[in-house]
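Notes for the structure review
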Amino acid sequence: MKANKWLATAVALTMVGGVAAGCGKTTEPNQGGGAPAAKQELNIGFRAEPPALDNSKATASAAFTMLNAFNEGLYRLDKDGKATPGLAKELPKISADGLTYTITLRDGLTYADGSPVKAGDFEFAWKRTLAPETKSQYAFMVAWIKGGTDYNSGKNKDANSVAVKAVDD
């Protein structure tokens with residue numbers, strides 16, 4: 001069961017972590033820091049347009065392929081399918097009871113416009129995915145978070161009841 005929860009966490013973090021699209025100024029992929037590469041271009045050939053490029057609303061394979069190509073999540077899966085840090089500094093610290101995961105972001109993360117990426121951006125993204133008005137078909141992937149199911153179903157209308165908290169930037 002723990003393996004399934006870890007895998008669901010990694011997938012959910014990767015999906016929702018797309019809030020940080022364009023993070024890091026880099027001359028090399030996934031390195032962060034430094035000056036942006038002179039030319040940043042991505043060509044993907046598809047027969048159909050993805051219906052949505054919104055991490056909370058995407059459902060089509062074409063959308064997920066593109067989102068994964070130009071977004072970085074808190075974690076990513078390596079070639080062996082093992083979760084490794086993406087925007088996160090390290091793997092999460094898990095409390096002794098296994099109920100609290102603490103994730104620290106890497107230093108110096110920025111969006112493409114140079115503004116800093118903050119932990120609150122991830123809190124917002126997870127809660128937005130769960131918000132009933134978002135109508136996310138994949139909200140169940142993060143609804144296991146304490147308070148997530150009640151918030152997503154509209155039983156509890158307070159987003160702060162979802163146990164995702166950014167304690168600092």
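Residues numbered from 1 in each chain as written. Predicted model: local features only at pLDDT ≥ 70, side-chain atom pairs only at ≥ 80, totals over all residues. Heavy atoms only, no water.

1. Notes on the overall build of the protein
- Secondary structure summary: the protein contains four helices and four strands in total.
- Shown N-terminal to C-terminal, the secondary structure of the protein runs as helices and strands in the order α-α-β-β-β-β-α-α.
- By residue count, 33% of the 169 residues in the protein fall in the buried class.
- Partitioning the intrachain contacts of the protein with sequence separation of at least 6 by distance along the chain shows that 45% fall at a separation of at least 24. (Helix = DSSP H or I, 4+ residues; strand = E, 2+ residues; numbered from the N terminus. Buried < 20%, exposed > 50% of the residue type's maximum accessible area, 1.4 Å probe, protein only. Contact = heavy atoms within 4.5 Å.)

2. Considerations on the nonpolar core
- If you look at the biggest cluster of nonpolar residues, it comprises 11 residues: Ala125, Trp126, Leu130, Ala131, Ala139, Val142, Ala143, Ile145, Tyr151, Val162 and Val164.
- The greatest single-element share of this core, amounting to three residues, is contributed by helix H3 (residues 119-130).
- Excluding residues within four positions of it along the chain, Leu130 makes contact with Ala139, Val142, Ala143, Gly148, Tyr151, Asn152 and Val162. (Core = buried A, V, L, I, M, F, W, Y, C linked by side-chain atoms within 4.5 Å.)

3. Some details on the environment of Lys118
- With respect to the helices and strands, Lys118 occurs in the loop between strand E4 (101-102) and H3.
- Sequence separation between Lys118 and Ala166 is 48 residues, and the spatial gap between their C-alpha atoms is 8.6 Å.
- Residues in contact with Lys118, not counting those within four places in the same chain, are Leu105 and Asp169.

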